[in-house]
Amino acid sequence: MSSLTVNYLGIPMASPVIGASGTVGYGLELSDYIDMKKIGALSGKGLAPTPWKGNEGVRVVETTSGMLNCIGLENPGAPWFIQHYLPEVRKLPTAFIANMVGKSVEEYAECARMLTVPGISALEVNISCPNVKEGGAAFGTDPAQAAAVTRAVKDATTLPVIVKLSPNVTDIVSIAKAVEDAGADSISLINTLLGIAIDTRTRRPILGNITGGLSGPAIKPVALRMVWQTAKAVHIPVCGLGGIMTGEDVVEFMMAGASTVQVGTANLADPTAMERIVNEMDEWCDKNNVKDINEIVGTLKD
Ligand SMILES: Cc1cc2nc3c(=O)[nH]c(=O)nc-3n(C[C@H](O)[C@H](O)[C@H](O)COP(=O)(O)O)c2cc1C
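Residues numbered from 1 in each chain as written. Predicted model: local features only at pLDDT ≥ 70, side-chain atom pairs only at ≥ 80, totals over all residues. Heavy atoms only, no water.

(A) Up close: the sheet that holds strand E14 (residues 211–215). An order of E5-E6-E14-E11 is seen for the 4 strands of this open sheet, with the pairing classed as antiparallel. On the outer flanks of this sheet lie strand E5 (60–62) and strand E11 (193–196), each paired with one strand and no other. Adjacent strand axes in the sheet meet at a mean angle of 35 degrees when their direction is disregarded. Bridging between strand E6 (residues 67–69) and E14 involves 3 bridges; their strand directions are antiparallel. Within E14, the residue paired with Asn69 across the bridge is Gly213. (Pairing = 2+ DSSP bridges. Helix = DSSP H or I, 4+ residues; strand = E, 2+ residues; numbered from the N terminus. Axes fitted to C-alpha atoms, helices over the stretch in contact; angles between N-to-C directions.)

What follows is the structure, encoded as structure tokens:
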């Protein structure tokens, strides 16, 4: 038996596998399908200081190699989450990371203050959502704005801060370094890639928002490249995600430099995916004589 345990930002985790924001709800429904004790942590659906309605019209469409979504960060708001969901979430035998978003630097700070409560192990700051007009991506595509949000959140919380980056940029390293310099404890990447799907019959875009975020197996090579570039450039731990479907995919991300990973779209195709992925990692370690999963981080021979 190999050891899959990791220590991420002071949080002891049973495995490096974290449920990705927006694909696991707040973990309560998923706990009927998988053994949460095997999952390192869950990152909940993005929370803002007040409830957001999200986008109108069609929000999800399947493509040949993944899915496009434009949910628009619909969420009940941090106070409602804390009052109604957190008491149940705290009973799950895995760590909980609160993913958060805001429409201004002040809103990000306010949300961080609200979410600094027992039962939440870390904050994941989404500066990368492509599906909202204000906030989200605007902060993730400019190093100065990304740094400003990071600094404001760090000042507002005592929790470890993970900043989630957008792949919709030409130079990921400049954004990663800016958030590291601003005090981020970790970086997670990638969020979804901007795309469009068209209904040729009506000559209209399928999604209500016209554009949406592409996720799933199609984006894995892009994610791996960005994780590799970022892990080489920063000194803080990198959490890698994008298109992970199997245990061997996780191994690739860790070799590219990720200390932990997140599984997103795979959960939507198969709610048991994360437990299967952890089991496959265990088998991979046994077959390859790896006694401790941490050994493989950043071992890509490049
Ligand atoms: C339906 C859906 C909703 C999402 N909502 C969020 C969100 O609220 N906050 C966030 O940071 N990322 C969100 N994401 C992005 C995922 O967490 C992840 O970064 C992305 O899907 C790539 O990973 P994957 O290919 O494994 O899904 C969402 C993704 C999907 C598919």
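(B) Looking closely at the site of the ligand. Around the ligand, a shell composed of 22 residues is seen, among which Ser21, Lys164, Gly216, Gly243 and Thr265 lie nearest. Here Gly243 contributes a backbone N or O atom positioned 2.7 Å from an oxygen atom of the ligand. Expressed as a share of its isolated accessible area of 610 Å², the protein-covered part of the ligand is 96%. Taking a 2 Å distance to the grid points as the criterion, the majority of the atoms of the ligand fall inside the largest pocket. (Near = heavy atom within 4 Å. Polar contact = N/O pair within 3.5 Å; in protein donor to acceptor, adjacent residues only side chain to side chain. Areas by Shrake-Rupley, 256 points an atom, 1.4 Å probe, with all protein chains shown as cover. 1 Å grid on protein atoms, 1.4 Å probe; cavity = no way out; pocket = protein on both sides within 12 Å on 5 of 7 lines; lining within 4 Å. Sits in = over half its atoms within 2 Å of the grid points.)

(C) Quick look at the pattern of salt bridges. The full count for this structure, using the stated rule, is 11 salt bridges. A salt bridge links Glu275 to Lys38; its shortest N-O distance comes to 3.6 Å. You can see Glu275 sitting in helix H9 (residues 273–287) and its partner Lys38 sitting in the loop between strand E3 (17–19) and strand E4 (41–43), a full 237 residues away along the chain. Relative accessible area serves as the criterion here: at 28%, Lys38 is assigned to the partly exposed category. The closest approach of N and O atoms between Arg276 and Glu280, which form a salt bridge, is 3.1 Å. Placement of both Arg276 and Glu280 in helix H9 is noted, with a separation of 4 residues, approximately one turn of the helix. Connected via shared salt-bridge partners are Lys220, Asp249 and Glu252. (Salt bridge = Lys/Arg side-chain N within 4 Å of Asp/Glu carboxyl O. Buried < 20%, exposed > 50% of the residue type's maximum accessible area, 1.4 Å probe, protein only.)

(D) Quick peek at the layout of surface pockets. Here the largest pocket defines a volume of roughly 760 Å³. Contributing to the lining of the largest pocket are 43 residues, with Ala20, Ser21, Gly22, Thr23 and Lys45 lying nearest its centre. Mapped onto the lining of the largest pocket, the elements with two or more residues apiece are E6, strand E16 (260–263) and helix H8 (265–269). Top element by residues in the lining of the largest pocket is H8. It accounts for 3 residues. (Points joined across faces, edges and corners; volume = space filled by probe spheres on them.)

(E) View of the sheet that holds strand E9 (residues 161–164). Strand order around the closed barrel formed by 8 strands is E3-E4-E7-E8-E9-E10-E15-E16, with parallel pairing between neighbours. The average undirected angle you get between the axes of adjacent strands in this sheet is 25 degrees. Together, strand E10 (186–189) and strand E15 (238–241) form the strand contacts of helix H6 (residues 220–233), whose direction differs from that of E15 by roughly 170 degrees. (Contact = heavy atoms within 4.5 Å.)

(F) Layout of the packing of aromatic side chains. Here the structure, examined in full by the defined rule, presents 7 aromatic pairs. For the pair Tyr26 and Tyr85, a centre-to-centre distance of 4.8 Å together with 50 degrees between the ring planes defines the contact as tilted. Of this pair, Tyr26 sits in the loop between E3 and E4 while Tyr85 sits in helix H1 (residues 78–89), and the two are 59 residues apart along the sequence. For Tyr26, a relative accessible area of 7% puts it in the buried group. Among the residues examined, Tyr85 registers a relative accessible area of 27% and is labelled partly exposed. Centre to centre, the rings of Tyr108 and Phe139 are 5.3 Å apart; their planes meet at 85 degrees, and the pair counts as edge-to-face. Taken together, the positions of Tyr108 in helix H2 (residues 105–115) and Phe139 in helix H3 (residues 137–140) put the pair 31 residues apart, joining distant regions of the chain. Judged by its relative accessible area of 0%, Tyr108 is buried. (Phe/Tyr/Trp six-rings, centres within 6.5 Å; stacked < 30°, edge-to-face > 60°.)

In short, geometric facts, not functional conclusions.
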